[in-house]
Amino acid sequence: MNLAQHQAEKHLNRSKYQEFLGEFVYGGIDGSVTTFAVVAGSAGANLDTSVILILGLANLLADGFSMSIGAYLSTKSGLENYEKHRRTEYQEITEIPDIEREEIREIYRAKGFEGELLEKVVDVITADKDRWVDVMMKDELGMIPEQKSPLAIGAVTYLSFIVVGLVPLISYLFYMNTNQTLSHLFSISIILTSITFAGIGFLKAVVTETSRLRGIIETLLLGGSAAAVAYFVGDVLERMIVG
């Protein structure tokens, strides 16, 4: 394996790692925020622990499945869209090769090629249909071939949603084995979820290659805001309905 191939493989492996880590992070953020919002709203309404668990777990399983289906369909649609345009490009270079050849010439003229060198580049690219289509897809349409597996993306999203989203419910799941009050259970849930928000924020910053501290603070603020809104809405509704 030469250096160029080694670098390409290394870049591909890193891209796949970041891709799945990104899906895990965003699935985890959604899972933890939505589940904690359910817990906070239920706590604000002074609902029984069993009700909190039912609502939380129902939300966790149903919303997680819905999100994973969305991720699967989105990735699948992207792959199908790319293949549709790729088939169109093959058809065009077969039916109107002169026009497509001129488009290659214009693309590389815009890159600074001219004269004999420009014509050589055009000849090399158009000598192979696969290479020709690849160039048209990338430089004319701005489309890059997807390496994602829709099924894998959906599975990672669902797994992260369930695993991370379960954290706000942990204290309630162990309620039967403790003598803690409901308010204490909610306090434990806040602490565990805050730690989770911080961890997810850190991973998000790794994926986006931005400030770690900023990622942690942003996720804590967004998750905390969603929970605060849910808590006060639950409290207000409980006062209005129950009295």
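Refer to the structure presented above.
What this report covers is the structure whose coordinates are included nearby. The structure presented is a predicted model; accordingly, all values stated were derived computationally and were not measured. Residue numbering note: each chain is counted from 1, following its sequence as written. Under the rules for a predicted model, residues below a pLDDT of 70 receive no local features and side-chain atom pairs below 80 are neither given nor counted, while totals for whole chains, interfaces and linings still include all residues. Heavy atoms throughout the structure, all of them, feed into the side-chain values; hydrogens and water do not.

## As for the overall build of the chain
The criterion, for reference: Only DSSP runs of H or I reaching four residues or more are called helices, and only runs of E reaching two or more are called strands; each is numbered from the N terminus. Only protein chains enter the area calculation, which uses a 1.4 Å probe; residues under 20% of their type maximum are buried, those over 50% are exposed, and those in between are partly exposed. Between two residues, a contact is recorded if the distance between any of their heavy atoms is within 4.5 Å.
Counting its regular elements, the chain contains 9 helices and 0 strands. Counting from the amino terminus, helix and strand elements in the chain follow one another as α-α-α-α-α-α-α-α-α. The buried share of the chain, taken over its 243 residues, is 35%. Contacts in the chain between residues far apart in sequence, at least 24 positions, make up 74% of those at least 6 positions apart.

## Notes on the nonpolar core
One broad rule of soluble globular proteins: the nonpolar side chains tend to lie buried together. Applicable threshold: Take the buried residues of types Ala, Val, Leu, Ile, Met, Phe, Trp, Tyr and Cys, join any two whose side-chain atoms come within 4.5 Å, and each joined set is a nonpolar core.
Membership of the largest hydrophobic core comes to 21 residues, with the highest contact counts inside it found for Val25, Val39, Tyr172 and Phe186. Secondary structure elements with two or more residues in this core: helix 1 (3-44), helix 2 (49-95), helix 8 (182-208) and helix 9 (212-241). Not counting residues within four places of it along the chain, the set of residues in contact with valine 39 comprises Ile52, Pro168, Leu169, Tyr172, Phe186 and Ser189. Counting 15 residues, the second largest nonpolar core, distinct from the first, contains Ile104, Val135, Met137 and Met143.

## A closer look at the packing of aromatic side chains
Under the convention used in this document: Note on ring pairs: Phe, Tyr and Trp rings are taken, using the six-membered ring of Trp, and paired if centres are within 6.5 Å. Classes follow the plane angle, with under 30 degrees stacked, over 60 edge-to-face and the rest tilted. Charge-over-ring placement is defined geometrically: NZ (Lys) or CZ (Arg) within 6 Å of the ring centre, and within 35 degrees of the ring normal.
If you walk through the whole model with that rule in mind, you get 3 aromatic pairs. Where phenylalanine 36 meets phenylalanine 197, the ring centres are 6.2 Å apart and the plane angle is 80 degrees; that geometry is what we call edge-to-face. Taken as a pair, phenylalanine 36 in helix 1 and phenylalanine 197 in helix 8 lie far apart in primary sequence, 161 residues in all. The buried category is assigned to phenylalanine 197, whose relative accessible area is 2%. Seen from the ring of tyrosine 108, lysine 111 lies directly overhead, with NZ or CZ sitting 5.6 Å from the centre.

## Here's the deal with helix 3 (residues 97-110)
Every α-helix carries 3.6 residues per turn, so stepping three or four residues along brings you back to the same face. Condition: Helix span is expected to be 1.5 Å times the residue number reduced by one. This arc is built from the directions going out from the helix axis to the C-beta atoms.
For helix 3, spanning 14 residues, the distance from its first C-alpha to its last is 20 Å, which sits close to the expected 20 Å at 1.5 Å a residue. Within helix 3, burial applies to Glu100, Ile104, Arg105, Ile107 and Tyr108. The buried residues of helix 3 occupy an angular sector of 160 degrees when the element is viewed end-on, so they sit on one face. Facing away from the buried side of helix 3, by more than 90 degrees, are the exposed residues Asp98 and Ala110.

## What to know about the environment of isoleucine 190
Position of isoleucine 190 relative to the elements: it lies in helix 8. For isoleucine 190, a relative accessible area of 33% puts it in the partly exposed group. Separated by 150 residues in sequence, isoleucine 190 and alanine 40 place their C-alpha atoms 8.8 Å apart.

## Comments concerning the packing of helix 3 against helix 4 (residues 115-126)
The geometry of a pair of packed helices is captured by two quantities: the angle between their axes and the separation between those axes. The following threshold applies: Note on geometry: axes are lines fitted to C-alpha atoms, helical ones only across the stretch in contact, with angles between N-to-C directions running from 0 to 180 degrees. Note on angle classes: values under 35 degrees are labelled roughly parallel, values over 145 roughly antiparallel, values of 65 to 115 roughly perpendicular, and the remainder oblique. Helix crossings get a hand from a simple test, with the near helix turned counterclockwise from the far one by less than a right angle marking a left-handed crossing and a clockwise turn marking a right-handed one. The residue classification treats Ala, Val, Leu, Ile, Met, Phe, Trp, Tyr, Cys and Pro as nonpolar and Asp, Glu, Lys and Arg as charged. All others, Gly included, are polar.
Orientation of helix 3 relative to helix 4, taken along the N-to-C sense of each, is 130 degrees, at an axis distance of 10 Å. Here helix 3 lies oblique to helix 4, going by the angle between them. Crossing handedness for the pair helix 3 and helix 4: right-handed. Touching Arg101, Ile104, Arg105, Tyr108 and Arg109 of helix 3 are Leu118, Glu119, Val121, Val122, Asp123, Ile125 and Thr126, all from helix 4. For the contact of helix 3 with helix 4, the residue count by class is 6 nonpolar, 1 polar and 5 charged.

## Thoughts on helix 5 (residues 129-140)
Under the convention used in this document: For the purposes of these results, a polar contact is taken to be a pair of N or O atoms within 3.5 Å, where, inside protein, one atom must be able to donate a hydrogen and its partner to accept one; residues adjacent in sequence count only when each atom of the pair is a side-chain atom.
Look at helix 5: 15 Å from first C-alpha to last across 12 residues, which is about the 16 Å you get at 1.5 Å a residue. Within helix 5, the full set of buried residues consists of Trp132, Val133, Val135, Met136 and Met137. Sitting at the amino-terminal end of helix 5 is aspartate 128, which places a side-chain oxygen 3.0 Å from the backbone nitrogen of aspartate 130. One or two positions beyond helix 5, positive phi appears at glycine 142, with a value near 65 degrees.

## Some thoughts on the pattern of salt bridges
Threshold: Any carboxyl oxygen of Asp or Glu within 4 Å of a side-chain nitrogen of Lys or Arg constitutes a salt bridge here.
Counted according to the given criterion, the structure contains 8 salt bridges. Ionic pairing is found between glutamate 102 and arginine 105, a salt bridge with its closest N-O pair at 2.6 Å. Linking glutamate 102 with arginine 105, this pair stays in helix 3, spanning 3 residues, or about one helical turn. A relative accessible area of 31% means that glutamate 102 is categorised as partly exposed. A residue is classified by how much of its surface remains accessible, and arginine 105, at 13% relative accessible area, is buried.

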